[in-house]
Amino acid sequence: EERRYRSASGAPIALRRRQHSASCRELAVRCPRLQLRSLSAVTSAVWLAAYGLFVLSENSMVLSSAIFITLIGLIIYLHFVKIDQESLLVIGSLGIQVTSSYASGKESTTFIEMSQVKDVVINEAIHMQKVIYYLCILLQDPGDPQGVSEVVPLFQSSKPRLDCLIEVYKSCQEILEQRKTAPQSS
Amino acid sequence: MVLKVFFPSCCSSAESGILIGRWISEQNSAVILAVVHFPFIPVQVKQYLSEVQRVTKVSVSVLGSWSNSKQEKEKSLSEFLEDLGTIFSHEPWIQISRQGDSKFWSCSTLQKHSNNPKEEEIILVYYDQRKVMLSHLHPPLATDPKADDASKLSAIFDTVAKSKILFMTDRYDDGPIKLTHWQSDGVEASIIVELMKQASVPACLLLTFLLSLISGICRSRVLKFWPLSFLWSKLSICEQLGHRLQHLQVISSNKKAQNQTQLMRKANIFVSLLIDVALGVLLMSWLYRKNRIGHLADTLIPMADHVAEELQDLLQWLMGAPAGLKMNRALDQVLGRFFLYHIHLWISYIHLMSPFIEMILWYVGLSACLGLTVALCILSDIIALLTFHIYCFYVYGARLYCLKIYGLSSLWRLFRGKKWNVLRQRVDSCSYDLDQLFIGTLLFTILLFLLPTTALYYLVFTLLRLLVVIVQGLIHLLVDLIDSLPLYSVILRLCRSYRLAAGVKFRVLEQQDGKPLRLLMQINPLSYGSVVQTYRLPTYSCYPRDSWTSLCKKLFLGELIYPWKHKGEKQD
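So, here is what we can say about the structure in this document. All values reported here derive from a predicted model rather than from experimental measurement. (Residues numbered from 1 in each chain as written. Chains lettered and ligands numbered in written order. Predicted model: local features only at pLDDT ≥ 70, side-chain atom pairs only at ≥ 80, totals over all residues. Heavy atoms only, no water.)

All names here are of chain A. With respect to topology, 6 strands assemble into an open sheet ordered S1-S2-S3-S4-S5-S6, the strand pairing being antiparallel. Among the strands making up the open sheet, the edge pair consists of strand S1 (2-6) and strand S6 (107-113). In this sheet, adjacent strand axes meet at a mean angle of 15° when their direction is disregarded. Relative to strand S4 (residues 83-91), strand S3 (residues 24-30) is paired through 7 bridges, and the arrangement is antiparallel. Among the inter-strand pairings, Leu27 is bridged to a residue of S4, identified as Leu88. (Pairing = 2+ DSSP bridges. Helix = DSSP H or I, 4+ residues; strand = E, 2+ residues; numbered from the N terminus. Axes fitted to C-alpha atoms, helices over the stretch in contact; angles between N-to-C directions.)

Here it is as structure tokens:
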């Protein structure tokens, strides 16, 4: 099912939860789409500047290079910067998979095995003048059973607010608890 | 706990039979490697498995049964399969059955000696056997490589990779066992690869023989006499040739590569050499077409003349009143005339050599066929030779300046009544005689007032020298880049990305209630940055040798700087 929330900067985001089986859950946060008006604003600004330069310098290369730069810039933005959806797939006893899908369709995935996961927690961070909450995975330190070797922050570009994070946290903890209650193998 | 079954996707359409693979009890997971079809004799199966276990050191055993029935489930078959569980005792006995062409299989386990009879959840994970076998898992760089609790994934990858011998028997063999796995339709091989393997043995022997000859010549006593050895150490081309010789020795050695890293290293060196030589031959063909070498030689002498004229103008400017500063006339004239005479000598020398330049350049250009890096090193050496007079001026200016600075600092201490204690490495007070003080103060004043002139000459020639050093440094950077780039790994990542794995990714397939969870395991390839970082070849230079502060300090004190030092040379 899907529910609407707001991100830390006020943009609307949507959280979709799917339960595939008793020990497998998928939580996906969809980020706000690329706005047509911001795209056209940037494009017209670049082209106005290029036209101004063309009037000053009488060189038509300026115009063609402006078009070229706009196209290349848009492709780079869509492929490397703009994230469409961030999802978390929790499979009990296998691990946690974090996927970010970009606007151009590229997906970058990281899989963390369950033996490396210590816990999933909500942390606070002070960013400029705001205090924001973020969800993160704590990785186990192989040498020290109480220690944390690394912190992996989740949902970094959609930055959901606390209410959304609590939902995600509850879903994750239900599955993580299962591994504590049944560690004895037959 | 949850039971995980790793099923190869190539066996999805296999006939009914029993499943063989490895059971990893600590993770409660079963890795299925192949399906053995009916009819078979259980004793022969057990024999075969123990042989495989002996060779591969992987504990392969019979894990369960697989039934693929096109019609409705037959009662007798299911009972027969359960009875098999008693013959091959394995705890738990996994039963997977597929009806017709349905995507959703039913999977159940039979536990005979279990304490808690509750149904445990089963997860079915499909994997591509060929890709998992060929891929190499790279653990993240931060983790300890000898961590004892090896990750689950590496256990699975290891199991499939080590069971290569299991995949050698295919459906067409006449043995007692009929298996289905990814090679069951016939063992794959490439004829080109086989031919190259056969041809590589004599080629390696020949190469080793040639290399031993060449290294014998290089190490002979003739080349070790003082002027020659000094020359070899200063020319960067010798360093590069030695480096490439080392690479060739690595490739042509007879020992097979022990592990993945060595194999990739050999392959990277081979491809790098190949590309280098190809680019060098391309450059050579471009240079020798339309007699460009001749044009280059023709422009070389006028360029050297031009540089010398510019230097002469510079010196005339310094001998006058440069930038409005007033120099000490006598010292100025002496230094200026000395440097001018030096330039005059250099120009006459160049003019003496000019008829032979074209021929020398023609023969030297032929060595570009050894590689582009060699050609770039030759270019760097030619620049060094042509600007040798700038280097000489820099050394003269620096030594004069350095002498002056040391003299000034020591006489300044005398001026204040102190002395440098060499034994204690500190400044101590000292009482001087009157005549010592008098001479010392006189000398101090002279040196102080001559300082601006020397400092200006030093500054100008240091800037020129730094310019030449920067140009040479850029060329060496390019050479290093070509030397250390692991091209084979990058191409492998581009074309066969499953060979270099950073990890895995799971995709959830269609589910049906009551059936086990279905996941698809795919290989997550390594990013290009990590590929280059993991497999880059070591080079012979290390920079930066000095940090910026120590460089500035050396410049201020007038010590000679050598910013691009090589690893083999001893430190100053």
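Together, A:Arg6, A:Lys130, A:Lys159 and A:Arg161 line one region of the surface with positive charge. Mapped onto the secondary structure, A:Lys159 falls in the loop between strand S9 (148-153) and helix H3 (162-181). (Patch = residues over 30% accessible without salt bridge, like charges linked within 9 Å, V, L, I, M, F, W, Y side chains within 5 Å. Areas by Shrake-Rupley, 256 points an atom, 1.4 Å probe, with all protein chains shown as cover. Salt bridge = Lys/Arg side-chain N within 4 Å of Asp/Glu carboxyl O. Lys, Arg positive; Asp, Glu negative; His and termini not counted. Charge placed at Lys NZ, Arg CZ, Asp CG, Glu CD.)

Our next topic: helix H12 (residues 388-416) of chain B. With 29 residues, H12(B) extends 42 Å from end C-alpha to end C-alpha; this agrees with the ideal 42 Å at 1.5 Å per step. One or two steps after H12(B), the chain reaches B:Gly417, where phi turns positive at roughly 85°. (Expected span 1.5 Å × (residues − 1).)

A word on the sheet that holds strand S7 (residues 117-127) of chain A. Whenever strands of a sheet pair, they do so through backbone hydrogen bonds, lying parallel or antiparallel. Residue and element names in this part refer to chain A. Across the sheet, which stays open at both edges, the 3 strands sit in the order S7-S8-S9 with antiparallel pairing between neighbours. The sheet is open, and its two edges are formed by S7 and S9, each paired on a single side. The mean angle between the axes of side-by-side strands here comes to 35°, regardless of whether they run parallel or antiparallel. The sheet contact formed by strand S8 (residues 130-140) and S9 spans 5 bridges and is antiparallel. Of the residues in S9, the one forming a bridge with Leu138 is Val151. Sitting on the sheet, H3 is in contact with S7 and S8, with an inclination near 160° to S7. (Contact = heavy atoms within 4.5 Å.)

Moving on to the packing of aromatic side chains. Overall, the coordinates contain 23 aromatic pairs over all chains when judged by the stated rule. Measuring from ring centre to ring centre gives 6.2 Å for B:Trp346 and B:Phe388, while their planes differ by 40°; the resulting arrangement is tilted. Of the two residues, B:Trp346 is situated in helix H10 (residues 329-366) and B:Phe388 in helix H12; the sequence distance between them amounts to 42 residues. Given a relative accessible area of 39%, B:Phe388 falls into the partly exposed group. What links up through ring pairs into an aromatic cluster is the set B:Phe338, B:Phe339, B:Phe393, B:Tyr396, B:Tyr457 and B:Phe461. Positioned over the ring face of A:Tyr102 is A:Lys106, at 4.8 Å from the centre of the ring. A cation over an aromatic ring shows up here: B:Arg493 above the ring of B:Tyr528, its NZ or CZ 4.6 Å from the ring centre. (Phe/Tyr/Trp six-rings, centres within 6.5 Å; stacked < 30°, edge-to-face > 60°. Buried < 20%, exposed > 50% of the residue type's maximum accessible area, 1.4 Å probe, protein only. Lys NZ or Arg CZ within 6 Å of the ring centre and 35° of its normal.)

This part is about the packing of H10(B) against helix H13 (residues 434-484) of chain B. Residue and element names in this part refer to chain B. Relative orientation of the contacting elements H10 and H13 amounts to 25°, with a least axis distance of 10 Å. On the basis of their axis angle, the class for H10 and H13 is roughly parallel. Facing H10, whose interface residues are Leu331, Asp332, Leu335, Gly336 and Phe339, H13 presents Leu450, Thr453, Thr454, Tyr457 and Phe461. Residue composition of the contact of H10 with H13, grouped by class: 6 nonpolar, 3 polar and 1 charged. (Parallel < 35°, antiparallel > 145°, perpendicular 65-115°, else oblique. Nonpolar A, V, L, I, M, F, W, Y, C, P; charged D, E, K, R; others polar.)

Grouped together as the largest cluster of nonpolar side chains are 50 residues, with contacts concentrated most on B:Val45, B:Phe506 and B:Leu519. Per element, the largest residue contribution to this core is 5 residues, and it comes from helix H4 (residues 152-162) of chain B. If sequence neighbours within four positions are ignored, B:Phe506 has contacts with A:Leu89, A:Ile91, A:Leu94, A:Gln97, A:Phe111, B:Val125, B:Leu519, B:Leu520 and B:Met521. One finds A:Val29, A:Ile112, A:Val120 and A:Leu165 within the second-largest nonpolar core, a separate group that totals 25 residues. (Core = buried A, V, L, I, M, F, W, Y, C linked by side-chain atoms within 4.5 Å.)

Turning to unusual backbone geometry, a few remarks are in order. Residues and elements named next belong to chain A. Phi at Ser93 takes a positive value of approximately 70°, unusual for a residue other than glycine. Its location among the elements puts Ser93 in the loop between S4 and strand S5 (95-102). Take Ser93: its relative accessible area is 13%, and that puts it in the buried class. A positive phi is found at Phe155, a non-glycine position, where the angle reads about 55°. Relative to the assigned elements, Phe155 resides in the loop between S9 and H3. The exposure class assigned to Phe155 is buried, which follows from its relative accessible area of 7%.

These figures come from the coordinates and say nothing about function on their own.
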